[in-house]
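One-letter residues, chain by chain:
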2 protein chains.
Amino acid sequence: MRVLEGRWKMIIIFHLFSEPVLRFSELERRIHGVSQKMLSQHLRELENDGLVQRTVYPEVPPKVEYRLTEVGQALCPALDAILRWTELRRDLPHAVAAANAEQS
Amino acid sequence: MRVLEGRWKMIIIFHLFSEPVLRFSELERRIHGVSQKMLSQHLRELENDGLVQRTVYPEVPPKVEYRLTEVGQALCPALDAILRWTELRRDLPHAVAAANAEQS
DNA sequence: CTGGATCCAACGAGATACTG
DNA sequence: CAGTATCTCGTTGGATCCAG
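Residues numbered from 1 in each chain as written. Chains lettered and ligands numbered in written order. Predicted model: local features only at pLDDT ≥ 70, side-chain atom pairs only at ≥ 80, totals over all residues. Heavy atoms only, no water.

1. Observations regarding the sheet that holds strand 3 (residues 63-68) of chain B
All names here are of chain B.
No. 1: One open sheet holds the three strands; their spatial order is 1-3-2, and the pairing between them is antiparallel. The open sheet has two free edges, formed respectively by strand 1 (22-23) and strand 2 (52-57), since each of these has just one partner strand.
No. 2: Judged from the two bridges that link them, strand 1 and strand 3 form a sheet pairing that is antiparallel. The residue of strand 3 that forms the bridge with Arg-23 is Glu-65.
No. 3: Where helix 1 (residues 9-18) meets the sheet, its contacts fall on strand 1, strand 2 and strand 3, and the angle it forms with strand 3 comes to roughly 90°. (Pairing = 2+ DSSP bridges. Helix = DSSP H or I, 4+ residues; strand = E, 2+ residues; numbered from the N terminus. Contact = heavy atoms within 4.5 Å. Axes fitted to C-alpha atoms, helices over the stretch in contact; angles between N-to-C directions.)

Right under this line is the structure:
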């Protein structure tokens, strides 16, 4: 379960979910604020954990594609559920604040 | 979404999911390896984020109960999906390893 | 274009001791 | 019982420079 730990991992997977094949620079552009180091590091970890497949095309200039593996795709329903939860959360933050206020 | 970041947060929520009301020491016993510091710190953060409700009984000895808020409970389907995914992952780690081996 | 290497700051997390 | 206070250390993450 610690496979998902890391500032950008879920975000990377989200992007590879909505856009099945992405190159390094495309991910970099889509994920605002990520550094090259963190992107490649997280991609390597996700690859080692079997969530992401890395395909290298021996060309000049180099071209590398990333896509989710079968296991990675199996995660999508779960991440979708989390995404929907975050949206739900924004819909009723007042109830939360009110409950906390009452409590104290 | 960073609300869930932290080594023990998901685990805490899992326990409050299967056992709706737990005291501090009960959580401490159930979560193997957590320190008091991390437990109370994560519980405070979860409380501030509106996922966990903290109830103090002004008794001697002190008694504090933790339970999920409505928002916290809404997370359970998502966490369940993740849990099921981790189990699925253990069922086909061979396919992953094989794919990696072929790739390289 | 796709990174690797290096350095550094900030944060997370554990161990330990102490308290109302 | 339910924490807080420190200290320390390892890890994470960012910036920058370099390379095939």
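2. Notes on the packing of aromatic side chains
No. 1: Taken as a whole, this structure holds zero aromatic pairs over all chains when the rule is applied.
No. 2: Between Arg-7 of chain A and the ring centre of Trp-8 of chain A, over which it is positioned, the NZ or CZ distance is 4.5 Å.
No. 3: Here Lys-63 of chain B stacks its cationic end above the ring of Tyr-57 of chain B, 5.0 Å away from the centre of that ring. (Phe/Tyr/Trp six-rings, centres within 6.5 Å; stacked < 30°, edge-to-face > 60°. Lys NZ or Arg CZ within 6 Å of the ring centre and 35° of its normal.)

3. Some points on the protein's contact with DNA strand D
No. 1: As a matter of local geometry, DNA strand D sits amid 20 residues, with Arg-7 and Lys-37 of chain A together with Ser-25, Arg-54 and Tyr-66 of chain B nearest to it.
No. 2: The sugar-phosphate share of atoms of DNA strand D within 4 Å of the protein amounts to 58%.
No. 3: Between DNA strand D and Arg-7 of chain A, the relevant distance is 2.6 Å, taken from a phosphate oxygen to a main-chain nitrogen or oxygen of the residue.
No. 4: In the environment of DNA strand D, a phosphate oxygen lies 2.4 Å from a nitrogen or oxygen atom belonging to the side chain of Tyr-66 of chain B.
No. 5: Along the lines of polarity and charge, the residues of the surface near DNA strand D split into eight nonpolar, five polar and seven charged. (Near = heavy atom within 4 Å. Polar contact = N/O pair within 3.5 Å; in protein donor to acceptor, adjacent residues only side chain to side chain. Nonpolar A, V, L, I, M, F, W, Y, C, P; charged D, E, K, R; others polar.)

4. Here we look at helix 3 (residues 36-48) of chain A
Residues and elements named next belong to chain A.
No. 1: Between its terminal C-alpha atoms helix 3 stretches 18 Å, which fits the 18 Å expected from 13 residues at 1.5 Å a residue.
No. 2: Residues Leu-39, His-42, Leu-43, Leu-46 and Glu-47 constitute the buried set of helix 3. Each buried residue of helix 3 lies within a common arc of 140° when the element is viewed along its axis, so the set occupies one face. Structural note: helix 3 exposes Lys-37 and Asn-48 on the side pointing more than 90 degrees away from its buried face. (Expected span 1.5 Å × (residues − 1). Buried < 20%, exposed > 50% of the residue type's maximum accessible area, 1.4 Å probe, protein only. Arc of directions from axis to C-beta.)

5. Section: the sheet that holds strand 3 (residues 63-68) of chain A
Residues and elements named next belong to chain A.
No. 1: If you trace the three strands from one edge of the open sheet to the other, you get 1-3-2, paired in antiparallel fashion. Pairing within the sheet leaves two strands with one partner each, and these edge strands are strand 1 (22-23) and strand 2 (52-57).
No. 2: Here helix 1 (residues 9-18) sits on the sheet in contact with strand 1, strand 2 and strand 3, set at roughly 90° to strand 3.

6. Structural notes on the protein's contact with DNA strand C
No. 1: In the vicinity of DNA strand C, 19 residues are found, and the nearest of them are Ser-25, Arg-54 and Tyr-66 of chain A together with Arg-7 and Lys-37 of chain B.
No. 2: Those atoms of DNA strand C that come within 4 Å of the protein belong to sugar or phosphate at a rate of 57%.
No. 3: Ser-25 of chain A is positioned with one of its side-chain polar atoms (N or O) 2.7 Å from a phosphate oxygen of DNA strand C.
No. 4: Here a phosphate oxygen of DNA strand C and a side-chain polar atom of His-42 of chain B are 3.3 Å apart.
No. 5: The element best represented in the surface near DNA strand C is helix 3 of chain A, accounting for four residues.
No. 6: Here the residues of the surface near DNA strand C are counted per class, giving eight nonpolar, five polar and six charged.

7. A word on the relation of the copies chain A and chain B
No. 1: Once chain A is rotated about the relating axis by 179° and shifted along it by 0.0 Å, it coincides with chain B to within an RMSD of 0.1 Å. Between the two chains, the operation in question is that of a two-fold axis. Closest approach to the rotation axis among the C-alpha atoms of chain A is made by Ala-78 of chain A, whose C-alpha sits 2.8 Å away.
No. 2: A share of 97% of interface residues in chain A that are also interface residues in chain B marks the association as one of identical surfaces. (Least-squares fit on C-alpha atoms with pLDDT ≥ 70 in both.)

8. A short note on the pairing of strand 3 of chain A
No. 1: Bridge count for strand 2 of chain A against strand 3 of chain A is six bridges, and the pairing is antiparallel. Paired with Gln-53 of chain A across the strands is Arg-67 of chain A, a residue of strand 3 of chain A.

9. Points about the packing of helix 1 of chain B against helix 3 (residues 36-48) of chain B
Residue and element names in this part refer to chain B.
No. 1: Relative orientation of the contacting elements helix 1 and helix 3 amounts to 75°, with a least axis distance of 10 Å. Here helix 1 is positioned roughly perpendicular relative to helix 3, judged by the angle of their axes. Residues Lys-9, Ile-12 and Ile-13 of helix 1 form the contact with helix 3, whose own contacting residues are Leu-39, His-42, Leu-43, Glu-45 and Leu-46.
No. 2: A class-by-class count of the residues in the contact of helix 1 with helix 3 yields five nonpolar, one polar and two charged. (Parallel < 35°, antiparallel > 145°, perpendicular 65-115°, else oblique.)

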